[in-house]
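So the chains spell out like this:
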Amino acid sequence: MSDLQSSVDSHKKSAAEQRLATPEGRREFIKATLSCWLGTTMEYVDFALYGLAAGLVFGDVFFPELTQTIALLSSFATYSVGFIARPIGAVFFGRMGDRKGRKFVLVTTIALMGISTTLIGFIPSYATIGLWAPLMLVILRFVQGFGAGAELSGATVMLGEYAPPRHRGLIASIIGIGSNSGTLVASAVWLLVLMLDPEDVNSWGWRIPFILSALIAVAATLIRRHVRETPVFEQEQNESKQSDSQTTNAKPASAAKTSFLARNKAFFVMLGLRIGENGPSYLAQGFVIGYVVKILHVNKTVATTAVFVASLLGFFVIPFAGWLSDRYGRRIVYRWFCFLLMLYAVPAYMFLETRDPFIVASIIVVGMCLASLGIFGVQAAYGVELFGVRNRYSKMALAKELGGILSGGTAALVASALFDHYKTWWPIAIYFVLMAGIGFITTFFAPETRGRDLNAVEDAI
């Protein structure tokens, strides 16, 4: 047991434990958990739908006059636009979430994401309106990213602040189950869509998943409107006047003696951890779909079936990873996941070249279980515990979204460009190892945060 855990155990019950001690508090916890799960499901329905569509049909629908490789590159370029918008949304909504509360922001972000995702399903094709089609796609993708920039971090903060310290890793990992549910729903719907004739898929079938996503958005919005604010944020608000006066007297002297880097170590640690997870994740479940279908000419159903199978396994892998972090600590479990990803990259791309359906599907499943599922299950609680209560939402959201831009947001685009230039998978595998390596190295600078008091004002490092 860590010193931090022992410290929590030896003090009075946390704000979360006090609320969970009452029947009403337990009901609020269930509603909050459900709303966070649905919201994250909506976000990852968006990403999975878009990633699959970019790899499978968007090149034909929105960029029909380009070569296969350049069309794939262009499709993933529009995919990256959402990541450019995400840090803007993170700053805007993150600051609002730290001031007005987590609930207020999460109702707004889910509505933005739901509307923009649904509208993508109604965009006319390039053959119908020409350049206006990809332009509309870019605009809606930007709006998606603007809302999503604070959605994942906000839901993670809310669930982390609701969870009791001893089980925070397991409970916060439900955010990962939400992401997994989104991927599962998207891949399942795409499997059904791909049963249509190829011409029907390109003309109208691809629209069905985007339009149906509105159902999840409506359900999540309705539930979130009736969720109570987190116990940690309520306690911080109740103590804010006293805390503010103490902080005002104490902070200026220390701030003058420390550098920007020293004051924001937790931010840069979160940035590095995010790069180590997000880049490999989007290569494992985004770029590889287009690569095996468009470049290796493997049947489309092989990739979508693999994503579906990995998503099913995620309901075990994600909570297991969260439990491991509760049992052994966030840092060591995160380090091992990054190390395994580094070992995975070269053999994975080597065996993709076999074009054997079973081998290709297995490689996608293993990659997603390590990067998109396992490591993400640890990251949820780790990110929440790294930051102090007053700037947790804004700092965490910005670090995660900047890390997303530097890794996942550009991963498919960079990988497509590398293949277009070198005509081989080696540079892509090296790129994969480098990003996982950043996460691995970051763990040696990261603190162990298991069981940390979330009402602490200062960051963990």
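Right, let's walk through the structure included here. Here, residues in each chain are numbered from 1, in the same order as that chain's written sequence. Local features are withheld for residues below a pLDDT of 70 in this predicted model, meaning they are given only at 70 or higher, and side-chain atom pairs are given and counted only at 80 or more; totals for whole chains, interfaces and linings count all residues. To get the side-chain values, take all heavy atoms of the structure and skip hydrogens and water.

1. So, the overall build of the protein chain
Alright, step 1. A run of H or I in DSSP becomes a helix once it reaches four residues, and a run of E becomes a strand once it reaches two; helices and strands are each numbered from the N terminus. Within the protein chain, the secondary structure is distributed over 23 helices and zero strands.
Alright, step 2. For 461 residues, the compact-globule estimate of 2.2 N^0.38 gives 23 Å, and the C-alpha radius of gyration of the protein chain, at 22 Å, lies within 12% of that figure.
Alright, step 3. Dimensions of the protein chain, computed from the C-alpha atoms along their principal axes, are close to 65 × 40 × 40 Å.
Alright, step 4. Only protein chains enter the accessibility calculation, which uses a 1.4 Å probe; a residue whose area is less than 20% of its type maximum is buried, one above 50% is exposed, and one in between is partly exposed. Burial analysis of the protein chain (461 residues in total) assigns 60% to the buried set.
Alright, step 5. Residue contacts are defined here by distance: any two heavy atoms, one from each residue, within 4.5 Å place the two residues in contact. Considering only residue pairs separated by 6 or more positions, the protein chain has 86% of its internal contacts joining residues 24 or more positions apart.
Alright, step 6. Accessible surface area values rest on a Shrake-Rupley calculation with a 1.4 Å probe, where residue burial reflects the displayed protein chains alone. A total of about 18000 Å² of accessible surface is found on the protein chain, and carbon and sulfur atoms cover 68% of it. The quantity called the radius of gyration is restricted to C-alpha atoms. Its globule counterpart is 2.2 Å times the number of residues to the power 0.38.

2. Re helix H23 (residues 426–442)
Alright, step 1. Expected helix span is taken as 1.5 Å per residue step, with the number of steps being one fewer than the number of residues. With 17 residues, H23 should reach 24 Å at 1.5 Å per residue; the first-to-last C-alpha distance of 25 Å fits that figure.
Alright, step 2. Among the residues making up H23, those that are buried are Pro427, Ile428, Ala429, Tyr431, Phe432, Met435, Ala436, Gly437, Gly439 and Thr442.
Alright, step 3. In this structure, the buried side of H23 is in contact with helix H17 (265–295), helix H19 (330–352) and helix H22 (408–422).

3. Structural notes on the packing of helix H6 (residues 102–120) against helix H8 (residues 132–162)
Alright, step 1. Contact pair H6 / H8: the axes reach a minimum separation of 8 Å and the direction vectors enclose 145 degrees. For the pair H6 and H8, the sense of crossing is left-handed.
Alright, step 2. In this classification, the charged set is Asp, Glu, Lys and Arg, the nonpolar set is Ala, Val, Leu, Ile, Met, Phe, Trp, Tyr, Cys and Pro, and all remaining amino acids, among them Gly, are polar. A per-class count over the contact of H6 with H8 returns 16 nonpolar, six polar and four charged. Fitted lines through C-alpha atoms give the axes, limited to the stretch in contact for helices. The angle between two N-to-C directions lies from 0 to 180 degrees. When the near helix sits turned anticlockwise from the far one by under a right angle, the crossing is termed left-handed; a clockwise turn instead gives a right-handed crossing.

4. Regarding the packing of aromatic side chains
Alright, step 1. The pairing test for Phe, Tyr and Trp rings, Trp by its six-membered ring, is centres within 6.5 Å, and the orientation test on the planes gives stacked under 30 degrees, edge-to-face over 60, and tilted for anything in between. Inspection of every chain in the model, using the stated rule, returns 17 aromatic pairs.
Alright, step 2. A centroid spacing of 5.7 Å and a plane angle of 50 degrees characterise the contact between Tyr344 and Phe432, whose relative ring orientation is tilted. In this pair, Tyr344 sits in helix H19 while Phe432 sits in helix H23, placing the two residues 88 residues apart along the sequence. Taken individually, Tyr344 and Phe432 each receive the classification buried, so the pair is uniform in this respect.
Alright, step 3. Between Trp425 and Trp426, the aromatic rings sit 4.7 Å apart at their centres with planes inclined by 20 degrees, giving stacked as the arrangement.
Alright, step 4. According to the relative accessible area criterion, Trp425 is buried, its value standing at 10%.
Alright, step 5. Site record: aromatic cluster; members linked through ring pairs are Phe287, Tyr291, Tyr349 and Phe419.
Alright, step 6. The criterion is that NZ of a Lys, or CZ of an Arg, lies within 6 Å of the ring centre and within 35 degrees of the ring normal, and then a charge sits over that ring. In this structure, Arg327 packs its charged tip against the face of Tyr328, placed 5.0 Å from the ring centre.
Alright, step 7. Its end group placed over the ring of Phe444, Arg335 keeps NZ or CZ at 3.9 Å from the ring centre.

5. Structural notes on a nonpolar patch on the surface
Alright, step 1. Among the surface-exposed residues, Leu170, Phe316, Phe320, Trp323, Tyr328, Ile332, Trp336, Phe339, Leu340 and Leu343 lie close enough to one another that they form a single nonpolar patch of about 990 Å² accessible area.
Alright, step 2. Looking at the nonpolar patch, the elements with two or more residues in it are helix H18 (300–328) and H19.
Alright, step 3. The element that contributes the greatest number of residues to the nonpolar patch is H19, accounting for five residues.
Alright, step 4. Relative to the helices and strands, Trp323 resides in helix H18. For patch detection, residues must exceed 30% relative accessible area and be free of salt bridges, and they are connected within 9 Å for like charges or within 5 Å for nonpolar side chains (Val, Leu, Ile, Met, Phe, Trp, Tyr). For this document, the term salt bridge refers to a Lys or Arg side-chain nitrogen within 4 Å of an Asp or Glu carboxyl oxygen.

6. Observations concerning the state of the cysteines
Alright, step 1. Two cysteine sulfur atoms make up a disulfide if the distance between them is within 2.5 Å. Taken as a whole and assessed by the stated rule, the structure comprises zero disulfides.
Alright, step 2. Left unpaired, Cys338 is separated from the closest cysteine sulfur, that of Cys369, by 16 Å.
Alright, step 3. Among the residues examined, Cys369 registers a relative accessible area of 15% and is labelled buried.

7. Describing the packing of H17 against H18
Alright, step 1. Orientation of H17 relative to H18, taken along the N-to-C sense of each, is 160 degrees, at an axis distance of 9 Å. Relative to H18, the element H17 lies roughly antiparallel. Pair H17 / H18 crosses with right-handed handedness. Judged by residue contacts, Ile289, Val292 and Val293 of H17 engage Lys300, Ala303 and Val307 from H18. Any angle between 65 and 115 degrees counts as roughly perpendicular, while under 35 counts as roughly parallel, over 145 as roughly antiparallel, and the rest as oblique.

8. A look at the side chain of Asn455
Alright, step 1. Mapping Asn455 onto the fold places it in the segment after H23.
Alright, step 2. A distance of 3.2 Å separates a polar atom in the side chain of Asn455 from the backbone oxygen of Val232.
Alright, step 3. Those residues within four positions of Asn455 in sequence are excluded, and the remaining contacts are Ala15, Val232, Gln235, Glu236 and Val389. N or O atoms closer than or at 3.5 Å make up a polar contact, with two conditions inside protein: a donor-capable atom paired with an acceptor-capable one, and, for residues adjacent in sequence, both atoms drawn from side chains.

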